[in-house]
Amino acid sequence: MTVRVVPMLLVALAAGGCAVPLKLPRQSPPLADMQEPLALAEEPKDETTRRQLPRGGFTGIYVGDARRSLDDLTGEAQGVLVTKVIENSPGDAAGIVAGDLLLWVSQAGESSPPQPLGWPSEWRQAELSAAPGTTLRLGYDRAGVDREARLDVVARIHPPGRHAVKSFREEQRVGVVVRTATEVEARRAGLAPGAGAVIVGLSQRSPWRAAGLQFEDLILAVNGREIADPQVLLEAIRDSGETMTIVFVRDGERRTVEAPLSRRETETKEVSIPLLFSYQKDRGVTETSILMGLFGLKKTSAAWRCTLLWIITFTGGDADRLEEVSS
């Protein structure tokens, strides 16, 4: 009995080639041309200056971001989470406890609407603007029940602790890395502590470069909305159309620019007809194979290799010298 090995092998290979699952990446690759100067990797050494800033009022209430991820952003205030209340402080006397969600704040006797709270910087601004002796009205949520409290602000004796700077990357439409502004940077620009976004990284092909934005620019507002947290900027980039209006500070000067947005380029990385033809491209390397390698070609920007009949190989590429040119 004659066993037809080759046809059976070809059929098996073809069936196997069709059955191989495609493993597609879930995230875009990092931008290869992102520039992040080492000098900007560390936050400014401005602690001495920070301790000399006006301290504002003290409530004894410490808050954090109530959102769990960027997907929770809706563009509207959702409250700030109380993370700690100092014993015997005004906040403690008012009955506020860790886990409460502060929804709004206003000064007693004011006719203006209460200030909605959505970011920790907005609560810090309320403390800074409240002189000792001021009574604050607080709306808060506890276990799903809305409540209201009053607390009397006292003088802050010691400056608050320094908050660690956080960095955020955007690599889909702008190609930018920003960090939270330090308290000194923010308050010099008229922002609350924790607000604003400082540019510390830019892609070489970022559309913001062409618009004139530079490293160390402090972004104050975007599309008419104040940057209460760098995540507000990321949300705006994600949801904006073709351009966005950016207000920023450079060397103490307030400026406005209409900055375009871009998108990721796409490219064909692989074409495959099992057993007959395959083509792959990845990071500057292209590889072509015909009839299971009967003809193969691999190329980079500096060299190439051609294979015929699996045993004949030609290789070429750049030499280790420049061509001579006539003077």
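Summarised in this report is the structure supplied together with it. Throughout this document, residue positions are counted from 1 along each chain, in the order its sequence is written. Owing to the predicted nature of the model, reporting of local features is limited to residues with pLDDT of at least 70; listing and counting of side-chain atom pairs is limited to 80 or more, with chain, interface and lining totals taken over all residues. Excluding hydrogens and water, the side-chain values take into account all heavy atoms of the structure.

Overview of a nonpolar patch on the surface
What counts, and what does not: Patches draw on residues past 30% relative accessible area with no salt bridge. Two like charges within 9 Å are joined, as are two nonpolar side chains (Val, Leu, Ile, Met, Phe, Trp, Tyr) within 5 Å. Only the protein chains shown count as cover for residues, with accessible areas throughout obtained via the Shrake-Rupley method and a probe of 1.4 Å. One side-chain nitrogen of Lys or Arg within 4 Å of one carboxyl oxygen of Asp or Glu is enough to make a salt bridge. The secondary structure listing takes helices from DSSP runs of H or I that are at least 4 residues long and strands from runs of E that are at least 2 residues long, numbered from the N terminus. Summary of the burial criterion: residues with accessible area below 20% of their type's maximum are buried, those above 50% are exposed, and those between are partly exposed, where the area comes from a 1.4 Å probe applied to protein chains only.
On the surface, Met292, Trp304, Leu308, Leu309, Trp310, Ile311, Ile312 and Phe314 cluster together into a nonpolar patch covering about 830 Å² of accessible area. Of all the secondary structure elements, the ones that give two or more residues to the nonpolar patch are strand S21 (303–308) and strand S22 (312–317). With respect to the helices, strands and loops of the structure, Met292 is situated in the loop between strand S19 (285–290) and strand S20 (295–299). When its relative accessible area of 43% is taken as the criterion, Met292 is described as partly exposed.

Side note on the pattern of salt bridges
Considering all chains together, one arrives at 22 salt bridges under this definition. Between Glu42 and Lys45 there is a salt bridge, and its shortest N-O distance comes to 3.7 Å. The exposure class assigned to Glu42 is exposed, which follows from its relative accessible area of 56%. Taking relative accessible area as the criterion, Lys45 reaches 75% and is therefore assigned exposed. The salt bridge involving Arg250 is made with Asp217; its shortest N-O contact spans 2.8 Å. Here Arg250 is found in strand S15 (residues 243–250), whereas its partner Asp217 is found in the loop between helix H6 (207–210) and strand S13 (218–222), with 33 residues between them in sequence. The class of Asp217 is buried, set by a relative accessible area of 0%. Each member of the salt-bridge network shares a partner with another, and the members are Glu43, Asp46, Glu47, Arg50, Arg51, Arg124, Glu127, Arg156, Arg162, Glu183 and Arg187.

Things to note about the sheet that holds strand S17 (residues 270–273)
Under the convention used in this document: When DSSP finds at least two bridges between two strands, those strands are taken to pair. Axes here mean lines fitted to C-alpha atoms, for a helix over just the part in contact, with angles spanning 0 to 180 degrees between N-to-C directions.
Spatial strand order, S17-S18-S19-S20-S21-S22: 6 strands in an open sheet with antiparallel pairing. In this open sheet, the two edge strands, each paired with only one partner strand, are S17 and S22. Pairwise comparison of adjacent strand axes, ignoring direction, gives a mean angle of 10 degrees for this sheet. The pairing of strand S18 (residues 277–282) with S19 spans 6 bridges and is classified as antiparallel. Across the sheet, residue Ser278 finds its bridge partner in S19, namely Ser289.

What to know about helix H7 (residues 230–239)
To keep it simple, the criterion reads: Under the rule applied, a polar contact is a pair of N or O atoms within 3.5 Å (in protein, one hydrogen donor and one hydrogen acceptor; residues adjacent in sequence only if both atoms are side-chain atoms).
Summarising burial for H7: 8 of the 10 residues are buried, a large majority. For H7, the complete set of buried residues consists of Pro230, Gln231, Val232, Leu233, Leu234, Glu235, Ala236 and Ile237. Where H7 begins, the side chain of Asp229 points an oxygen toward the backbone nitrogen of Gln231, at a separation of 3.0 Å.

Quick word on the pairing of strand S4 (residues 80–85)
Sheet topology places strand S3 (residues 61–65) next to S4; 5 bridges connect them, and they run antiparallel. For Gly64, the partnering residue across the bridge sits in S4 and is Leu81. Inspection of the sheet shows S4 paired to strand S5 (residues 101–107) by 2 bridges, in the antiparallel sense. For Leu81, the partnering residue across the bridge sits in S5 and is Leu101.

Bear in mind that shape data such as this cannot, by itself, settle questions of function.
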